[in-house]
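# Topology and contacts: notes
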Amino acid sequence: MADEKIEKIPYSLNSKAVADATKYWLNKRGVTLEEIAELVIFLQQKYYPNLTMDECIHNVEMVLSKREVQNAVLTGIQLDVMAEEGKLFSPLQDMIENDEGLYGVDEILAFSIVNVYGSIGFTNYGYVDKLKPGVLQRLNDKTTGQIHTYLDDIVGAVAAAASSRIAHRKQAEREIELDLPHTPEDREEAARKLAEYDETPE
């Protein structure tokens, strides 16, 4: 009886749990959607003067709804937290703890977020990463005792991706207004709507 093996339950992704955890950890680390949206305003208001905070928050939420983005957020924050607790092995512990300038994996993780809405996001990301306005300035404050080596890049990347999403949609709006041929930028959303239409009873 003692030799019987307990059968392991097969792993199955719980998408809602991942999405909920993403929101939880951003909040736990002191980052609000409004603060990320303020970065979006900072990046886009010059081009779209009528852009509202509500629009920016909506686009941030849409970026955070992407599974690739959720994975990046959770991975980066966990590494920051483990570094704070001294649970990583050296030299990785030391590099993340001190936000070593030649350690670029945090930026590489951020690129996976930026790239969700195309290469236009790289310019936006580089701009806020250099200037570090708003919440990014706070996350880069090394006197707080908290480690945000990954989180500051993640937040900047989410704002950059949301800015790219806005730019794509504003272009689509212009094309529709001018009655130009138009292909939906968000093909995933378009495919979902088409599937719903196909499933609707006659």
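Residues numbered from 1 in each chain as written. Predicted model: local features only at pLDDT ≥ 70, side-chain atom pairs only at ≥ 80, totals over all residues. Heavy atoms only, no water.

### Some points on unusual backbone geometry
The peptide bond linking S90 to P91 adopts the cis configuration, its omega dihedral lying at 5°. One can find P91 in the loop between α4 (67–84) and α5 (92–97). Of note in this structure, D99 is not a glycine but carries a positive phi near 50°. Mapped onto the elements of the fold, D99 is located in the loop between α5 and α6 (105–114). Given the relative accessible area of 22%, D99 is considered partly exposed. Positive phi values are uncommon outside glycine, yet K132 reaches one of about 50°. Tracing the sequence through the fold places K132 in the loop between α7 (120–131) and α8 (135–139). Judged by its relative accessible area of 24%, K132 is partly exposed. (Helix = DSSP H or I, 4+ residues; strand = E, 2+ residues; numbered from the N terminus. Buried < 20%, exposed > 50% of the residue type's maximum accessible area, 1.4 Å probe, protein only.)

### Quick notes on the packing of α7 against helix α9 (residues 151–177)
The geometry of α7 relative to α9 is characterised by a closest axis approach of 8 Å and an angle of 135° between their N-to-C directions. Classified by the angle their axes make, α7 and α9 are oblique. Both α7 and α9 take part in a crossing whose hand is right-handed. Residue-level contacts link I120, G121, N124, Y125, V128 and D129 of α7 to D153, G156, A157, A160, S163, S164, A167 and H168 of α9. Tallied by class, the residues present in the contact of α7 with α9 amount to 6 nonpolar, 6 polar and 2 charged. (Axes fitted to C-alpha atoms, helices over the stretch in contact; angles between N-to-C directions. Parallel < 35°, antiparallel > 145°, perpendicular 65-115°, else oblique. Left-handed = near helix turned anticlockwise from the far one by under 90°. Contact = heavy atoms within 4.5 Å. Nonpolar A, V, L, I, M, F, W, Y, C, P; charged D, E, K, R; others polar.)

### So, the packing of aromatic side chains
This structure, assessed with the given rule, holds 5 aromatic pairs. Measuring from ring centre to ring centre gives 5.3 Å for F111 and F122, while their planes differ by 55°; the resulting arrangement is tilted. Here F122 lies in helix α7 and F111 lies in helix α6, a separation of 11 residues in the sequence. Put simply, the rings of F111, F122 and Y125 touch in pairs and so form one group of aromatic residues. (Phe/Tyr/Trp six-rings, centres within 6.5 Å; stacked < 30°, edge-to-face > 60°.)

### Some details on the pattern of salt bridges
Per the counting criterion, the structure on display carries 8 salt bridges. D20 is the salt-bridge partner of K16, the closest N and O atoms lying 2.7 Å from each other. Within this pair, K16 and its partner D20 are both found in helix α1 (residues 15–28), separated by 4 residues, close to a single helical turn. Accessibility expressed as a relative area gives 35% for D20, which makes it partly exposed. Of the charged contacts in the structure, one is a salt bridge between K132 and D152, with a shortest N-O distance of 3.9 Å. Of this pair, K132 sits in the loop between α7 and α8 while D152 sits in helix α9; the two residues are 20 residues apart in sequence, bridging distant segments of the chain. In the salt-bridge network here, residues are joined through shared partners; they are D129, K132 and D152. (Salt bridge = Lys/Arg side-chain N within 4 Å of Asp/Glu carboxyl O.)

### Things to note about the nonpolar core
Among the nonpolar cores identified, the biggest contains 50 residues, and V60, I113, L151, I154, V155 and V158 are the most heavily contacted of them. Elements represented by at least two residues in this core include exactly α1, α2 (33–44), α3 (53–64), α4, α6, α7, α8 and α9. Discounting chain neighbours no more than four positions away, the residues touching L151 are L26, R29, V31, I77, D80 and L139. (Core = buried A, V, L, I, M, F, W, Y, C linked by side-chain atoms within 4.5 Å.)

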